[in-house]
Amino acid sequence: MTDITANSTTVDAKAYRQTIGLFATGVTVLLAEKDGEVRGMTANAVSSLSLNPTLVIVCPSKKAHLSEFLHDGAYFTINILGEDQEPISNHFAGGWGQTEVPEYEFIPWDAAGTAPRLGGCIGALACCVYRIHDGGDHWIVVGRVLDLHQPSGPYRPLLFYAGKYDQLRRQEMAHLMPSADAYE
Ligand SMILES: Cc1cc2nc3c(=O)[nH]c(=O)nc-3n(C[C@H](O)[C@H](O)[C@H](O)COP(=O)(O)O)c2cc1C
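Residues numbered from 1 in each chain as written. Predicted model: local features only at pLDDT ≥ 70, side-chain atom pairs only at ≥ 80, totals over all residues. Heavy atoms only, no water.

> Residue-level account of a nonpolar patch on the surface, with values.
Among the surface-exposed residues, Val 11, Tyr 16, Ile 20 and Phe 23 lie close enough to one another that they form a single nonpolar patch of about 480 Å² accessible area. Along the chain, Tyr 16 falls in helix H1 (residues 13-20). (Patch = residues over 30% accessible without salt bridge, like charges linked within 9 Å, V, L, I, M, F, W, Y side chains within 5 Å. Areas by Shrake-Rupley, 256 points an atom, 1.4 Å probe, with all protein chains shown as cover. Salt bridge = Lys/Arg side-chain N within 4 Å of Asp/Glu carboxyl O. Helix = DSSP H or I, 4+ residues; strand = E, 2+ residues; numbered from the N terminus.)

> Go over the state of the cysteines with me, naming the residues and quoting the values.
According to the stated counting rule, one finds zero disulfides in the structure shown. Cys 128 carries a free sulfur, and the closest cysteine sulfur to it, the one in Cys 127, is 8.7 Å from it. (Disulfide = S-S within 2.5 Å.)

> Give a detailed account of the packing of aromatic side chains, specifying residues and quantitative values.
Under the criterion given, the structure shown has four aromatic pairs. Ring centres of Phe 160 and Tyr 165 lie 5.5 Å apart, and the angle between their planes is 70°; this geometry places the pair in the edge-to-face category. Among the aromatic residues, ring-to-ring pairing joins Phe 92, Tyr 104 and Phe 106 into one connected group. If you follow Lys 62 out to its NZ or CZ, it ends over the ring of Trp 139, 4.6 Å from the centre. Over the aromatic face of Tyr 130 sits the side chain of Arg 131, whose NZ or CZ is 4.5 Å from the ring centroid. (Phe/Tyr/Trp six-rings, centres within 6.5 Å; stacked < 30°, edge-to-face > 60°. Lys NZ or Arg CZ within 6 Å of the ring centre and 35° of its normal.)

> I'd love a proper account of the pattern of salt bridges, names of residues and values included.
Counted under the stated rule, the structure contains five salt bridges. Among the ionic pairs, Glu 37 bridges to Arg 39, the shortest N-O distance being 3.0 Å. In this structure, the salt-bridge partner of Asp 166 is Arg 169, at a minimum N-O distance of 3.2 Å. The class for Asp 166 is partly exposed, based on a relative accessible area of 22%. Through salt bridges that share partners, Glu 37, Arg 39 and Glu 68 make up one connected network. (Buried < 20%, exposed > 50% of the residue type's maximum accessible area, 1.4 Å probe, protein only.)

See below:
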């Protein structure tokens, strides 16, 4: 494979973060469990990948404590935060000590494996690590989706845009279950 990094000029990291930060996302907390210890990490580098098989991508930093728990076949959950869960996002983004620890609950997910889900989320996916690829200073973790948690709504997601939290302004959208066939 050609090494395209060999002769390329480097892009300024700060400018890159500012530009890619215009790509608005939701916010999740990834949870993985090993020997009874649960580790969580706030993440927005999350993407749907494939329908058949059902695959999703998450990208934890190689330095993240969670990464030690993610190996082939390991279970993890992707917990989609609601707009009222900003303190929980901050907590799992390393905000320990800065603020009071917010209330949260790990709920067992027996059907799909050992990783629990986070209570109060607007949706969650139970996954098993399918592949792990190198992604520079991050891992590209491909998860096989094993089970879904679909609360009845309303669905008011926490958003992340330009380095800040945000919320949906279209109130009416929040009560609709997202279309399952928006695109193929
Ligand atoms: C909104 C938001 C999204 C984030 N997304 C990611 C991500 O996708 N991957 C990542 O490695 N870190 C991400 N982070 C940073 C981690 O949550 C943070 O570095 C965390 O402290 C890592 O966990 P650790 O301290 O237990 O290692 C994000 C932080 C925030 C606030």
